[in-house]
Amino acid sequence: MSQSAVSSANCSPAQLQTFLDIATVAAQAAGAQLQHYWGNLSDIREKGRPGDLVTEADRAAEQAVLEVIQRHLPNHSILAEESGQVGKLDDEFLWAIDPLDGTTNYAHQYPAVATSIGLLINGVPQVGVVYNPIREELFQAATGLGATLNRRPIQVSHTPELSQSLLVTGFAYDRTETSDNNYAEFCHLTHITQGVRRAGSASLDLADVACGRLDGYWERGLSPWDLAAGVVLVREAGGLVTAYDQSEFDIMTGRLLATNPQIHGVLSHELLRVKPLDKMSGNAIPSLG
Ligand code: IPD
Ligand code: CA
Ligand code: CA
């Protein structure tokens, strides 16, 4: 049984499959927009903190996702990065949508970009689609239904030791404003593993853990739309997703540790050695906490 299977008792496998199919259609519609604007952007702006970009591709992709989900599921709530909230965050069904995860990559035509669509059922991620339309990689998962890449089953790696692992992480846009910026953790883990990548798309980082290309991922300062889909992928592929201290994952904290089962405990231990819990900052989005 996957790490989140217990909480999906209120939805049948057939219902979850229907939600997964809708999310897939929505992600493919967004992907068509991302393919259209690839290398063809005329409107790139900073939307808040330095480096936090938004483009016409983000907006067009989000509209494409919303059109599909709202047509099929008009009563479900939505939390979308560019247009915000429709309905209630504590709704039974909440879709967390990042139309373009990896906007900086997209603006530079670095092909680590994806649409990420996750469904929280009673607060727990249960359905996830992450689609990279440039590399044409479609990751899908739903609780109890397994995880796939281009419709083929995927699994996390079996790398047994942290010293043999390849990890990935990221640095939030508030990195110049906080000492909880993940730099010390990055340096330490770089010393004691085979390497730490920074690919620039949280949902793809999770997808790459799910399919075993990477052994583990940690990051802070994230939003529910970055994480909801990828968390389902990792769990359904046999991985573990928790807080840094291995306590229960809470998507509203914006912080997570996602790995294969073998290195989870030791990576948690090393992260807490560098950054004790009382030195960690609060939620990514205080209003959501
Ligand atoms: C960002 C990416 C990046 C992560 C940032 C996110 P965006 O999302 O997922 O990898 O480090 O914290 O905000 O802005 O490209 O959608
Ligand atoms: Ca994002
Ligand atoms: Ca985004």
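Residues numbered from 1 in each chain as written. Chains lettered and ligands numbered in written order. Predicted model: local features only at pLDDT ≥ 70, side-chain atom pairs only at ≥ 80, totals over all residues. Heavy atoms only, no water.

- Going by an unreviewed UniProt entry, the protein carries the name Inositol-1-monophosphatase and comes from Romeriopsis navalis LEGE 11480.
- In its Sequence similarities (unreviewed entry) section, the UniProt entry covering the protein states "Belongs to the inositol monophosphatase superfamily."
- UniProt's Cofactor (unreviewed entry) comment on the protein is quoted here verbatim: "Mg(2+)". (UniProt positions renumbered as here; feature names shortened; annotations may be inferred.)

### Examining the UniProt feature "binding site: Mg(2+)" (unreviewed entry) in the protein
- Per the UniProt annotation, the sites labelled "binding site: Mg(2+)" (unreviewed entry) are Glu-81, Asp-98, Leu-100, Asp-101 and Asp-226. These annotated residues cover 146 residues of sequence, but their C-alpha atoms sit close together, with the largest distance between any two at 9.7 Å.
- Within the element layout of this structure, Glu-81 appears in the loop between strand S3 (77–80) and strand S4 (84–86).
- Judged by relative accessible area, which is 22%, Glu-81 ranks as partly exposed. (Helix = DSSP H or I, 4+ residues; strand = E, 2+ residues; numbered from the N terminus. Buried < 20%, exposed > 50% of the residue type's maximum accessible area, 1.4 Å probe, protein only.)

### Regarding the coordination of the calcium ion (ligand 2)
- Looking at the calcium ion (ligand 2), one finds its protein donor set to be Asp-98 (OD), Asp-101 (OD) and Asp-226 (OD), positioned 2.1 to 2.4 Å from the metal centre.
- Separating the calcium ion (ligand 2) and the calcium ion (ligand 3) is a distance of 3.8 Å, and Asp-98 donates to both of them. Here Asp-226 lies in helix H6 (residues 224–236) and Asp-98 lies in strand S5 (residues 93–101), a separation of 128 residues in the sequence. With respect to burial, Asp-98 and Asp-226 carry one shared label: buried. (Donors = N, O, S within 2.8 Å, 3.2 Å for Na, K, Ca; no water.)

### Some thoughts on the sheet that holds strand S14 (residues 240–242)
- Strand order in the open sheet formed by 5 strands is S12-S11-S13-S15-S14, with mixed pairing between adjacent strands. Each edge of the open sheet is held by one strand with a lone partner, namely strand S12 (195–197) and S14. Going from strand to strand, the sheet's axes swing by 20 degrees on average, the running direction of each strand aside.
- With 2 bridges connecting them, strand S11 (residues 166–168) and strand S13 (residues 216–219) associate as parallel partners. Residue pairing across strands places Val-168 opposite Tyr-217, the latter belonging to S13.
- Contacts between helix H5 (residues 202–210) and the sheet are confined to S11, S13 and strand S15 (256–259), with S13 contributing the most and set at about 155 degrees to the helix.
- Of the strands in this sheet, S11, S13, S14 and S15 touch helix H7 (residues 264–274), which is tilted by about 145 degrees from S15. (Pairing = 2+ DSSP bridges. Axes fitted to C-alpha atoms, helices over the stretch in contact; angles between N-to-C directions. Contact = heavy atoms within 4.5 Å.)

### Things to note about the coordination of the calcium ion (ligand 3)
- Looking at the calcium ion (ligand 3), the protein donor atoms are Glu-81 (OE), Asp-98 (OD), Asp-98 (OD) and Leu-100 (O), and they sit 2.2 to 3.2 Å from it.
- When the donor residues of the calcium ion (ligand 3) are listed from N- to C-terminus, their spacing reads E-x16-D-x1-L.
- Judged by its relative accessible area of 2%, Leu-100 falls in the buried class.

### Focus: the sheet that holds strand S10 (residues 152–153)
- Taking strand neighbours across the sheet as the criterion, the 8 strands line up as S4-S3-S5-S6-S7-S8-S9-S10 in an open arrangement whose pairing is mixed. Both outer strands of the open sheet, S4 and S10, are each paired with one neighbouring strand and no more.
- As paired elements, strand S7 (residues 124–132) and strand S8 (residues 137–142) share 6 bridges and run antiparallel to each other. By the bridge assignment, Val-130 is partnered in S8 with Phe-139.
- Seen against the sheet, helix H1 (residues 13–37) touches S5, strand S6 (114–121), S7 and S8 and runs at an angle of roughly 30 degrees to S7.
- Strands S3, S4, S5 and S6 of the sheet are contacted by helix H2 (residues 56–72), whose axis makes an angle of about 150 degrees with S5.

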